[in-house]
Amino acid sequence: KYSVASDQTYASCTGIGTATDTNIMIADVYYKNGKEVHKKQFATALGSPKIKYCQPPKKADISVDNYILRVCYGDFSCEFREGMISSIKRRGRVLLDSPMRLNIHRAYIDNDGIDGLFPRHIEEWKTALLDRFYFNMFDIDVEEGEERVCVTVSGSYTANSLYSGFHTKIIYEVFPSGVILVSLRCEPYGDLPSVLPRFGVVLENSREYDRVRWLGRGPLENYPDSSANAPVGIYERGIGELNTDYDYPQDTGNRELTYALTLTDSRGNSGLSVVGSDSFSFSYHGFALDNLTLARHKNELVPSEVNYLYVDYKMRGIGSRSCGPDPEEKYEFHPHKFAFSFALCDTDFNGALELSRMDFGRKTEPLSQTYIYKKTEKIAQIADCDL
């Protein structure tokens, strides 16, 4: 609600988005000649703590067939292949039908460098084969509790023939309600680049889900160091409106500080929802990342058969290297140990908002500040036959 000063130049607006019940967003809005010219938003410490997420006890049906692990609770089922969740179905509706993938690569922006002219970080990212990283599963464990099934996967996220990547543990907690909590714990190893472009997951979705409704920064695209013009709020956009049509294709459409999102079709029917254990950044594309990376002109972008939802732990800032410095240090992404948690669920947007107020018992947070590669570690591991 607005309380406008008598000169019609200033207003104080409270309650612009309640990202979680622990923070209430406040905004100071400035007007000139009846038009909004400036808005400053900040969070207060008002509100109530999150509510612990609990489910009544229920027996799950767990099976393994042809190396596919299946967990069912009545009309809800999910499958796992090679350590990745690959299918989610609820009441006959298909929410996911291809494996989730880890992702550390982004289409190069001008400030990352210009391929073939000013390589900057592009050269070390190419040398490290960041666009060819894949998850290699070592072990999987399934434990059924009273109110959830816990699937724990251990492995390495790396590229073939290189000693560098992330030791990775993925914990899936499957609840009878159809909520699947995904928790990653990643620790860097080997000779990684000094900075990384991003880290998160990518989920393929049917092209019929061509709209996104979200609670987070918006409505325009924004990155860690370019988000002051993107207040936290509730927004809805079609996939074409989410991405900037740059003449020279590059990474586009990122939204920071997202707490919940729901994919919908043109009729308003909801598809997959993503809810942050804390917050995450996202982007939604109708073309493949390889296509976006290799295209030199926007007419070279080819619509894909599926849409790609990127859910990121962290995105590197964009800086101003094309005419100035790299991102400020606080917006850089150096390799480090971290935990990243989010939930996948079958719910409409209001249900996703309610889940964003829940405490799932896991946090998204850095677990170290930086990582320094020591060549002696590799030599010792080879000697101990640990590689």
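Reading the values: rules and limits
Residues numbered from 1 in each chain as written. Predicted model: local features only at pLDDT ≥ 70, side-chain atom pairs only at ≥ 80, totals over all residues. Heavy atoms only, no water. Helix = DSSP H or I, 4+ residues; strand = E, 2+ residues; numbered from the N terminus. Buried < 20%, exposed > 50% of the residue type's maximum accessible area, 1.4 Å probe, protein only. Contact = heavy atoms within 4.5 Å. Areas by Shrake-Rupley, 256 points an atom, 1.4 Å probe, with all protein chains shown as cover. Pairing = 2+ DSSP bridges. Axes fitted to C-alpha atoms, helices over the stretch in contact; angles between N-to-C directions. Patch = residues over 30% accessible without salt bridge, like charges linked within 9 Å, V, L, I, M, F, W, Y side chains within 5 Å. Salt bridge = Lys/Arg side-chain N within 4 Å of Asp/Glu carboxyl O. pLDDT = per-residue confidence, 0-100. Phe/Tyr/Trp six-rings, centres within 6.5 Å; stacked < 30°, edge-to-face > 60°. Core = buried A, V, L, I, M, F, W, Y, C linked by side-chain atoms within 4.5 Å. Polar contact = N/O pair within 3.5 Å; in protein donor to acceptor, adjacent residues only side chain to side chain.

**Considering the overall build of the chain**
Next up, step 1: Secondary structure summary: the chain contains 5 helices and 24 strands in total.
Next up, step 2: Buried positions account for 51% of the 387 residues belonging to the chain.
Next up, step 3: Within the chain, residue pairs in contact and separated by at least 24 positions form 62% of the contacts whose partners lie at least 6 positions apart.
Next up, step 4: Accessible surface, the chain as shown: approximately 18500 Å² in total, 50% of it carbon and sulfur.

**Observations concerning unusual backbone geometry**
Next up, step 1: Cis geometry marks the peptide bond from Gly 218 to Pro 219, where omega comes out at 0°.
Next up, step 2: Despite not being glycine, Glu 82 shows a phi value in the positive range, around 50°.
Next up, step 3: Among the secondary structure elements, Glu 82 is positioned in the loop between strand E8 (76-81) and strand E9 (84-90).
Next up, step 4: Here the phi dihedral of Leu 257 falls at roughly 50°; this positive angle occurs in a residue that is not glycine.
Next up, step 5: Along the polypeptide, Leu 257 turns up in strand E19 (residues 255-264).

**Some points on the sheet that holds strand E10 (residues 93-96)**
Next up, step 1: Spatially, the 5 strands line up as an open sheet ordered E6-E7-E8-E9-E10, and their pairing is antiparallel. Only two strands of the sheet have a single partner each, and these edge strands are strand E6 (61-65) and E10. The sheet shows a mean angle of 20° between the axes of neighbouring strands, taken without regard to direction.
Next up, step 2: Looking at chain direction, E6 and strand E7 (residues 68-73) are connected through 5 bridges and run antiparallel. Paired with Ser 63 across the two strands is Arg 70, which belongs to E7.

**Thoughts on a nonpolar patch on the surface**
Next up, step 1: A cluster of nonpolar side chains, Ile 62, Met 137, Ile 140 and Val 142, forms an exposed patch at the surface whose accessible area comes to about 260 Å².
Next up, step 2: With 3 residues, strand E12 (residues 134-144) is the single largest residue contributor to the nonpolar patch.
Next up, step 3: For Met 137, the position within the fold is in strand E12.

**Some words on the confidence of the model for the chain**
One rule of thumb: low pLDDT means the predicted coordinates there are not for detailed reading.
Next up, step 1: Confidence along the chain averages 89 in pLDDT terms, with 88% of residues attaining 70 or more.
Next up, step 2: Every residue in residues 1-20 is under pLDDT 50, and counting partners more than four places away or in other chains gives 51 contacts.

**Here's the deal with the environment of Gly 319**
Next up, step 1: By secondary structure assignment, the location of Gly 319 is in the loop between strand E21 (306-315) and strand E22 (338-346).
Next up, step 2: Leave out the neighbours within four places in its chain, and Gly 319 touches Asn 111, Asp 225, Pro 325, Asp 326 and Pro 327.

**Side note on the pattern of salt bridges**
Next up, step 1: Scanning all chains against the criterion turns up 24 salt bridges.
Next up, step 2: For Glu 79, the salt bridge is made with Arg 70, and the minimal N-O distance between the two is 2.7 Å.
Next up, step 3: Classification of Arg 70 by relative accessible area gives partly exposed; the value is 25%.
Next up, step 4: Salt bridges sharing common partners tie together Asp 75, Arg 90, Arg 91, Arg 93 and Asp 346.

**Notes on the packing of aromatic side chains**
Next up, step 1: In the structure shown here, the tally under the stated rule is 16 aromatic pairs.
Next up, step 2: Ring centres of Tyr 313 and Phe 338 lie 4.1 Å apart, and the angle between their planes is 5°; this geometry places the pair in the stacked category. Taken together, the positions of Tyr 313 in strand E21 and Phe 338 in strand E22 put the pair 25 residues apart, joining distant regions of the chain. Accessibility assignment for this pair places Tyr 313 and Phe 338 in one class, buried.
Next up, step 3: An angle of 55° between the planes, with centres 6.0 Å apart, marks the rings of Tyr 313 and Phe 340 as tilted.

**Examining the nonpolar core**
Next up, step 1: Ile 85, Ile 88, Tyr 172, Leu 184 and Phe 342 are the most contacted members of the largest nonpolar core, which has 62 residues in total.
Next up, step 2: Among the elements that take part in this core, strand E20 (residues 270-285) stands out by supplying 5 residues, more than any other.
Next up, step 3: The residues contacting Tyr 172, other than those within four sequence positions of it, are Phe 80, Gly 83, Met 84, Ile 85, Met 100, Val 149, Cys 150, Val 151, Val 153, Ile 180, Leu 181 and Val 182.
Next up, step 4: Of all hydrophobic cores here, the second largest spans 12 residues; its members include Phe 175, Val 179, Ala 260 and Ala 343.

**Considerations on the side chain of Ser 341**
Next up, step 1: Its place among the elements puts Ser 341 in strand E22.
Next up, step 2: Overall, Ser 341 belongs to the buried group, its relative accessible area being 2%.
Next up, step 3: Within the local environment of Ser 341, its side chain forms a polar contact with the side chain of Ser 183, the two groups lying 3.0 Å apart.
Next up, step 4: Residues within four places of Ser 341 in sequence aside, it is in contact with Val 182, Ser 183, Gly 276, Ser 277, Asp 278, Arg 362, Lys 363 and Thr 364.

**Focus on the pairing of E20**
Next up, step 1: Counted residue by residue, E20 has 15 buried out of 16 residues, so it is predominantly covered.
Next up, step 2: As defined by bridge partners, E19 adjoins E20 across 6 bridges and the pair is classed as antiparallel. Bridge pairing in E20 places Thr 264 opposite Ser 270.
Next up, step 3: What sits between the antiparallel neighbours E19 and E20 is a turn of 5 residues, in which Gly 268 has the positive phi angle 90°.
Next up, step 4: Here E20 runs beside E22; their pairing, made up of 5 bridges, is antiparallel.

**Considerations on the pairing of strand E15 (residues 180-190)**
Next up, step 1: Of all 11 residues in E15, 9 are buried; the element is thus mostly enclosed.
Next up, step 2: One ladder, built from 11 bridges, connects strand E14 (residues 164-174) with E15; its direction is antiparallel. When the sheet's bridge partners are listed, Glu 173 is paired in E15 with Leu 181.
Next up, step 3: Hairpin connection between E14 and E15: a loop of 5 residues separates the two successive antiparallel strands, and Gly 178 in this loop has a positive phi of roughly 95°.
Next up, step 4: The pairing of E15 with E22 spans 7 bridges and is classified as antiparallel. The residue of E22 that forms the bridge with Ser 183 is Ser 341.

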